[in-house]
Amino acid sequence: MSETIAGVRIPDSALAKEATELVREAAPPLLFDHSRRVFLFGALRGAEQRLDFDPELLYVGAMFHDLGLTGSFARTDRRFEIDGAEEARRFLHAHGITGEPADRVWTAIALHTTPEVPLHMASEIALVTQGVELDVLGIGYHAVSDEQRAAVTAAHPRPDFKNRILAAFTAGTRDRPATTFGNVKADVLAHFVPGFERGDFVEVILGSDWSE
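This report concerns the structure included in the present document. What you see is a predicted model; the values in this text were computed from it and never measured.

### A word on the overall build of the protein
No. 1: The helix and strand inventory of the protein stands at 10 helices and two strands.
No. 2: Starting at the N terminus and ending at the C terminus, the protein contains elements arranged as β-β-α-α-α-α-α-α-α-α-α-α.
No. 3: Across its three principal axes, the protein shows a C-alpha extent of roughly 65 × 40 × 35 Å.
No. 4: Considering only intrachain contacts with a sequence separation of at least 6, the fraction spanning at least 24 residues in the protein is 64%.
No. 5: Within the structure as shown, the protein displays about 10800 Å² of accessible surface, and the carbon and sulfur contribution to it stands at 54%.

### Here we look at a nonpolar patch on the surface
No. 1: On the surface, a cluster of nonpolar side chains totalling about 620 Å² of accessible area is made up of Phe181, Phe201, Val202, Val204, Ile205 and Leu206.
No. 2: Mapped onto the secondary structure, Val202 falls in helix α10 (residues 201-206).

### Some points on the environment of Arg158
No. 1: By secondary structure assignment, the location of Arg158 is in the loop between α7 (146-155) and α8 (161-173).
No. 2: As for Arg158 and Asp33, which are separated by 125 residues in sequence, their C-alpha atoms are 7.7 Å apart.
No. 3: Sequence-distant contacts of Arg158, defined by excluding residues within four places in its chain, comprise Arg37, Asp135 and Thr153.
No. 4: Side-chain polar atoms of Arg158 contact the backbone oxygen of Asp135, separated by 2.7 Å.

### Here we look at helix α6 (residues 123-137)
No. 1: With 15 residues, α6 ought to run about 21 Å at 1.5 Å a step, and its terminal C-alpha atoms sit 20 Å apart, in line with that.
No. 2: Taking burial as the measure, the 15 residues of α6 include 13 buried ones, the bulk of the element.
No. 3: Of the residues flanking the end of α6, it is Gly138, one or two places downstream, whose phi is positive at about 80 degrees.

### Things to note about the packing of aromatic side chains
No. 1: One pass over the structure, following the stated rule, counts two aromatic pairs.
No. 2: Where Phe39 meets Tyr59, the ring centres are 5.1 Å apart and the plane angle is 85 degrees; that geometry is what we call edge-to-face. Pair noted here: Phe39 is in helix α2 (residues 29-48) and Tyr59 is in helix α3 (residues 55-64), with a separation of 20 residues, a long-range link. No difference in accessibility class separates Phe39 from Tyr59, as the two residues are buried.
No. 3: Look at Phe64 and Phe91: their rings are 5.1 Å apart centre to centre, the planes differ by 50 degrees, and that puts the pair in the tilted class. Of this pair, Phe64 sits in helix α3 while Phe91 sits in helix α4 (residues 80-94), and the two are 27 residues apart along the sequence.
No. 4: Taking NZ or CZ as reference, Arg37 lies 4.7 Å from the ring centre of Phe161, over its face.
No. 5: Against the face of Tyr141 rests Arg149, its NZ or CZ located 3.7 Å from the ring centre.

Calculation rules
- Residues numbered from 1 in each chain as written.
- Predicted model: local features only at pLDDT ≥ 70, side-chain atom pairs only at ≥ 80, totals over all residues.
- Heavy atoms only, no water.
- Helix = DSSP H or I, 4+ residues; strand = E, 2+ residues; numbered from the N terminus.
- Contact = heavy atoms within 4.5 Å.
- Areas by Shrake-Rupley, 256 points an atom, 1.4 Å probe, with all protein chains shown as cover.
- Patch = residues over 30% accessible without salt bridge, like charges linked within 9 Å, V, L, I, M, F, W, Y side chains within 5 Å.
- Salt bridge = Lys/Arg side-chain N within 4 Å of Asp/Glu carboxyl O.
- Polar contact = N/O pair within 3.5 Å; in protein donor to acceptor, adjacent residues only side chain to side chain.
- Expected span 1.5 Å × (residues − 1).
- Buried < 20%, exposed > 50% of the residue type's maximum accessible area, 1.4 Å probe, protein only.
- Phe/Tyr/Trp six-rings, centres within 6.5 Å; stacked < 30°, edge-to-face > 60°.
- Lys NZ or Arg CZ within 6 Å of the ring centre and 35° of its normal.

Fair warning: the whole summary comes from geometry, so function is off the table for now.
Here it is, written out as structure tokens:
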């Protein structure tokens, strides 16, 4: 029998079960529980907005969205979001999901730290971002009920989550600081990595090889 949390049914297909185990093995409990909450909050926001979405695609997007912060999938030459997006698309292709649906999940993960833009895209893309924003930033906190939030956090607790997720963001991006240019993760490094200097869009323009 499939698991239901806060009225949301957790996908229980072979693909979803394999995705769960992959993330459980690769990620610490902090990120595993966060990723499950992102799915649950995203699904709750989708129901509240009466959006039509594919729960399985939303689940893979939510579960894989922070894989780039884990030792198994992190690279230092690109944004951590791309690490997770690439692994999600590879995973879906291996399970026979290709083309636009796989690209939709890729986009959901790649854009989940880009404010506002994902909210105007396909439902799964918007809902991964809304799930992340609710769990990390508290955006949409009151769009779900106290009872729903309590059920989600009972299943997937968030002890000292604010400080621990900031530590995870720092650890996952400090070795690739240039990838935070124009990205909210630059705020994290500015707070927690001594000597970090933000990229400056204006200086890039003025310092380019163009004479004028």
